[in-house]
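A closer look at the structure
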Amino acid sequence: MIQTGLEQSHPALPTAETAEMNTILIIALLIIAFFVSLHLWTRKLTADGQKRVPQLGVVTPVSGGSIHFVERGDPSKQTIVLIHGLTGQLQHFTYALVDMLVDDYHVIAVDRPGCGYSTRDTSDLGQLPEQARMIQELLDSKGISDAVLVGHSLGGAIALAMALDYPEKTKALALLAPLTQKLPSTPQVFKPLEIRTEWLRSLIGNTLAVPLAAKTAPHTLGIVFAPEPAPADFLDRAGGALGLRPSAFITGAQDVAGIDASLETQMARYKELTVPGGILYGAQDAILSPEAQGEPMARFGLPLERIEGAGHMILITKPGACAAFIRRIAKAIPAQPEAV
């Protein structure tokens, strides 16, 4: 049978399989475009955050990364080291507390490894003893061997790790709303950080996490500061804008995993504590319970005090009370005899 020219030029109709493949391709391209746009948005928010909250101090290399810190006051006076909590940065202390202590003490506020402008090389360095080691390495490099450690929230757990591993170099503990006990579950506001797979942390951190954090920041801060209001200048003066970076999300997720991996072992060692000190909590803390987290530490020499009407972020909302508490702890330290 001979085909006519008309028959030869007529295009074949697409099969069902071809149409399905075209649909899948279009969907894939839309998904890729979506994630690319999120990544570009993330890069813009990151650049904006670093512009709003520039590096304040010095970065010193330590084994496994580097520590960014601000140092103020007379080095001949008693050293106080300030360690912030989960998803925080040293600006939580420079917000007000550093200025209240600097006339009478040598004050060092650190960005925990991986936070702010500090770095850490691997995810396992999120475990409590590793973070403690890196901060102590910084202090050793500066010849500081008698620090009063002030840790807030997760920073409190790290201060405890330093007191357990380096008791001869820790003068006292002044813990603000510290994490001391294993939690039944991660606080709801930090649930998005419960990601155990490193590649997935990186993917989410570089796409979804930062734009979502930017959109939900007012709600999140409301929960973290409750029952007190979050200050209007938190993102700038307290460094909150630095949380709008992929590294902040990734580090936070590593920290949550690090807590799970190391806190129970640390709890079993509390009976070894020889460093004096105390604990201060906001009585209405909505993130960590003063009763569950503070009261058990009294039998290890760390009595609990409360601020009525205050929440979790007392280092920002009640800096005067925190400064007075730190002073009481520091003044209670027995003076060391001078060498003859």
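Residues numbered from 1 in each chain as written. Predicted model: local features only at pLDDT ≥ 70, side-chain atom pairs only at ≥ 80, totals over all residues. Heavy atoms only, no water.

The next point concerns the nonpolar core. A general feature of soluble globular proteins is that nonpolar side chains tend to end up buried together. Grouped together as the largest cluster of nonpolar side chains are 90 residues, with contacts concentrated most on M162, L173, L176 and L273. If we skip the residues at most four places from it in the chain, L173 touches L149, A159, L160, A163, V275, P276, G277, G278, L302 and I329. (Core = buried A, V, L, I, M, F, W, Y, C linked by side-chain atoms within 4.5 Å. Buried < 20%, exposed > 50% of the residue type's maximum accessible area, 1.4 Å probe, protein only. Contact = heavy atoms within 4.5 Å.)

Attention now goes to the pattern of salt bridges. Under the defined criterion, the tally for this structure stands at 19 salt bridges. R133 is the salt-bridge partner of E130, the closest N and O atoms lying 2.9 Å from each other. Of this pair, E130 and R133 are both found in helix α5 (residues 128–141), three residues apart, which corresponds to roughly one turn of the helix. What makes E130 partly exposed here is its relative accessible area of 27%. Linked by salt bridges that have partners in common, R112, R120 and D255 make up one network. (Salt bridge = Lys/Arg side-chain N within 4 Å of Asp/Glu carboxyl O. Helix = DSSP H or I, 4+ residues; strand = E, 2+ residues; numbered from the N terminus.)

Here the focus is the packing of aromatic side chains. Taken as a whole and assessed by the stated rule, the structure comprises two aromatic pairs. With centroids separated by 5.5 Å and ring planes inclined at 85 degrees, the aromatic side chains of F225 and F234 adopt a geometry described as edge-to-face. Overall, F225 belongs to the buried group, its relative accessible area being 1%. In this structure, R237 packs its charged tip against the face of Y95, placed 3.9 Å from the ring centre. (Phe/Tyr/Trp six-rings, centres within 6.5 Å; stacked < 30°, edge-to-face > 60°. Lys NZ or Arg CZ within 6 Å of the ring centre and 35° of its normal.)

Turning to helix α10 (residues 246–267), a few remarks are in order. In an α-helix, one full turn covers 3.6 residues, which means residues spaced three or four apart are oriented alike. In a regular helix each residue adds 1.5 Å, so 22 residues correspond to 32 Å; α10 covers 31 Å between its end C-alpha atoms and thus fits that length. Roughly 35 degrees is the biggest bend found in α10, and it falls at A261. (Expected span 1.5 Å × (residues − 1). Bend = angle between axes of the 7 residues up to and from the residue.)

With 87% of its residues at a pLDDT of 70 or more, the protein chain has an overall mean of 89. Every residue in residues 1–7 scores below 50 in pLDDT, and together they form one contact with partners more than four places removed in sequence or on other chains. (pLDDT = per-residue confidence, 0-100.)

Another point: the packing of helix α7 (residues 198–205) against α10. When two helices pack together, their arrangement is captured by the angle between the axes and the distance separating the axes. Interhelical geometry of α7 versus α10 gives an angle of 145 degrees and a closest axis separation of 8 Å. Crossing handedness for the pair α7 and α10: right-handed. Between α7, through E198, R201, S202, I204 and G205, and α10, the contact on the second element is made entirely by P246, F249, I250, A253, Q254 and A257. When the residues that make up the contact of α7 with α10 are grouped by side-chain class, the tally is six nonpolar, three polar and two charged. (Axes fitted to C-alpha atoms, helices over the stretch in contact; angles between N-to-C directions. Left-handed = near helix turned anticlockwise from the far one by under 90°. Nonpolar A, V, L, I, M, F, W, Y, C, P; charged D, E, K, R; others polar.)

Bringing the packing of α5 against helix α6 (residues 154–165) into the picture now. Contact geometry of α5 with α6 gives a least axis separation of 8 Å together with a crossing angle of 70 degrees. Considering the angle they form, α5 stands roughly perpendicular to α6. For the pair α5 and α6, contact is made by L128, P129, Q131, A132, I135, Q136 and L139 and by L154, A157, I158, A161, M162 and D165, respectively. Tallied by class, residues from the contact of α5 with α6 come to ten nonpolar, two polar and one charged. (Parallel < 35°, antiparallel > 145°, perpendicular 65-115°, else oblique.)

On to the side chain of T186, then. When you line up the elements, T186 lands in the loop between β7 (170–176) and α7. Within the local environment of T186, its side chain forms a polar contact with the side chain of E194, the two groups lying 2.6 Å apart. Those residues in contact with T186 that lie beyond four places of it in its chain are K191, E194 and V256. (Polar contact = N/O pair within 3.5 Å; in protein donor to acceptor, adjacent residues only side chain to side chain.)

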